[in-house]
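# What the coordinates show
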Amino acid sequence: MAFEKLTSTGVPLPIENIDTDQIIPARFLKATTREGFGDNLFRDWRFENDESPKDFVLNDSKFAGKILVAGKNFGCGSSREHAAWAIKDYGFDVVVSSFFADIFKGNSLNNGLLPVQVSDQFLSELIDTIQNDPSAQIIVDLEEERIQNVKSGNKEQFEINAYKKMCLIKGYDDIDYILSQKKEVEQFELANK
């Protein structure tokens, strides 16, 4: 799915050092497709052993939206791609943090999930804004590489690899990109026979 600009409310998760096992516990990694992982996103934080809901932000109906705003060092731990699958399958298109583990960041970009890295100060402001007003809007403009807290008016630039940016804007994964170059590849082959 193509991504250019998103305006949405956010879900605050002000916890630092969230690792991939917390995002999607290992016992749920048995599926062979990407679908269904969202049901188990933050499973151990969301539910008791008897499946009753815990006091956790994803169980709080006042918080919703396509943007997860999480604490520093998000996605650390193992390299499981399933973490990005679970976040995307749950319905998030963007994760905002002040630091991402490199492998998680790469897995996210490869799966259509935009990791937006901001300063600690901007992250703190976003979390405070959402916690105080769950209806507060956030604008993520991928083309301009800018995120805005609509309530305060504050904006911050973020960086993204140019190739991955193009893929997100066009809705491509790596294979889609290669297929989009088919004509050029064929022309190259013909010219070099």
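Position numbers for residues count from 1 along each chain, tracking the sequence in the order it is written. Per-residue local features are limited, in this predicted model, to residues with pLDDT of at least 70; the limit for side-chain atom pairs, both in listing and counting, is 80 or more; totals at the level of whole chains, interfaces and linings are taken over all residues. Each side-chain value is derived from all of the structure's non-hydrogen atoms; neither hydrogens nor water enter the calculation.

### Focus on the overall build of the protein
Scanning the protein for helices and strands turns up 8 helices and 8 strands. Atoms counted for the radius of gyration: C-alpha only. Globule rule: 2.2 Å times residue count to the power 0.38. Taking 2.2 N^0.38 as the reference for a compact globule, 193 residues should give roughly 16 Å; the C-alpha atoms of the protein span a radius of gyration of 18 Å, in line with that estimate. With the C-alpha coordinates of the protein rotated into their principal frame, the extents come out at 65 × 45 × 25 Å. Counting the 193 residues in the protein, one finds 45% classified as buried. Sequence-distant contacts in the protein: of pairs separated by 6 or more residues, those separated by 24 or more amount to 64%. Each accessible area is a Shrake-Rupley estimate made with a 1.4 Å probe; only the visible protein chains count as cover when residues are assessed. For the protein, the accessible surface area stands at approximately 10,200 Å², while carbon and sulfur atoms represent 48% of it. His is not counted here, nor are the chain ends, while Lys and Arg score as positive and Asp and Glu score as negative. For this purpose, a charge sits on NZ of Lys, CZ of Arg, CG of Asp or CD of Glu. Treating the 22 positive side-chain charges of the protein as one cloud and the 32 negative ones as another, the clouds have centres 3 Å apart. Each helix is a run of DSSP H or I of at least 4 residues and each strand a run of E of at least 2, with the numbering of both proceeding from the N terminus. Only protein chains enter the accessibility calculation, which uses a 1.4 Å probe; a residue whose area is less than 20% of its type maximum is buried, one above 50% is exposed, and one in between is partly exposed. Two residues form a contact once any of their heavy atoms are found within 4.5 Å.

### Focus: unusual backbone geometry
Residue Asn17 is not a glycine yet carries a positive backbone phi of 60 degrees. Mapped onto the elements of the fold, Asn17 is located in the loop between strand S2 (10-13) and helix H1 (20-23). The backbone phi angle of Phe42 is positive, close to 50 degrees, even though this residue is not glycine. Along the chain, Phe42 falls in the loop between H1 and helix H2 (43-46). With relative accessibility at 0%, the residue Phe42 sits in the buried group.

### Here's the deal with helix H6 (residues 162-170)
An α-helical turn contains 3.6 residues, so a residue and the one three or four places further along point in the same direction. Of the positions making up H6, those classed as buried are Lys164, Lys165, Cys167, Leu168 and Ile169. Against helix H4 (102-110), strand S5 (114-117) and helix H7 (174-180) lie the buried residues of H6. Where H6 terminates, the next one or two residues include Gly171, which has phi positive at roughly 75 degrees.

### Topic: the side chain of Arg43
When you line up the elements, Arg43 lands in helix H2. Once residues lying within four places of it in the same chain are set aside, the contact partners of Arg43 are Gln22, Pro25, Arg27, Phe28 and Glu51.

### Some thoughts on the packing of aromatic side chains
Two rings from Phe, Tyr or Trp (for Trp, the six-membered ring) form a pair when their centres sit within 6.5 Å of each other. Planes less than 30 degrees apart are called stacked, planes more than 60 degrees apart edge-to-face, and all others tilted. All told, the structure shown has 8 aromatic pairs when counted by the stated rule. With centroids separated by 5.2 Å and ring planes inclined at 75 degrees, the aromatic side chains of Phe74 and Phe104 adopt a geometry described as edge-to-face. In this pair, Phe74 is assigned in the loop between strand S3 (67-70) and helix H3 (82-90) and Phe104 in helix H4, connecting sequence segments 30 residues apart. For the pair Phe74 and Phe104, one class covers both residues: buried. By the ring-pair criterion, three or more aromatic residues cluster together here, those being Phe42, Trp45 and Phe56.

### Digging into the pairing of strand S4 (residues 94-97)
Of the two faces of S4, the one lined by Val94 and Val96 and the one lined by Val95 and Ser97 are each fully buried. Sheet topology note: the S3/S4 ladder contains 3 bridges and is parallel. Bridge assignment links Val69 to a residue of S4, and that residue is Val96. Here, any two strands with at least 2 DSSP bridges between them count as paired. The pairing of S4 with S5 spans 4 bridges and is parallel. Bridging across to S5, Val94 finds its partner in Leu114. Crossover connection from S4 via H4 to parallel S5: handedness right-handed. Crossover handedness is defined by viewing with both strands directed away from the observer: a clockwise path from the first strand over the helix to the second marks the crossover as right-handed.

### Some points on the pairing of strand S6 (residues 138-141)
A two-sided burial pattern is seen for S6, the buried positions comprising Ile138 and Val140 on one face and Ile139 and Asp141 on the other. Alignment of strand S1 (residues 5-8) against S6, held across 4 bridges, turns out to be antiparallel. Of the residues in S6, the one forming a bridge with Thr7 is Ile139. Examined bridge by bridge, S6 and strand S7 (residues 146-149) share 4 bridges and lie antiparallel to one another. Paired with Ile139 across the two strands is Gln148, which belongs to S7.

### Description of the sheet that holds S5
Strand order in the open sheet made by the 4 strands is S2-S3-S4-S5, with parallel pairing throughout. Among the strands making up the open sheet, the edge pair consists of S2 and S5. Neighbouring strand axes in the sheet, compared pairwise and without regard to direction, differ in orientation by 20 degrees on average. Axis definition: a line fitted to C-alpha atoms, over the contacting stretch in the case of helices. Angles run 0 to 180 degrees between N-to-C directions. Its contacts with the sheet place helix H5 (residues 120-132) against S2, S3 and S4, and it is angled at close to 120 degrees to S3.

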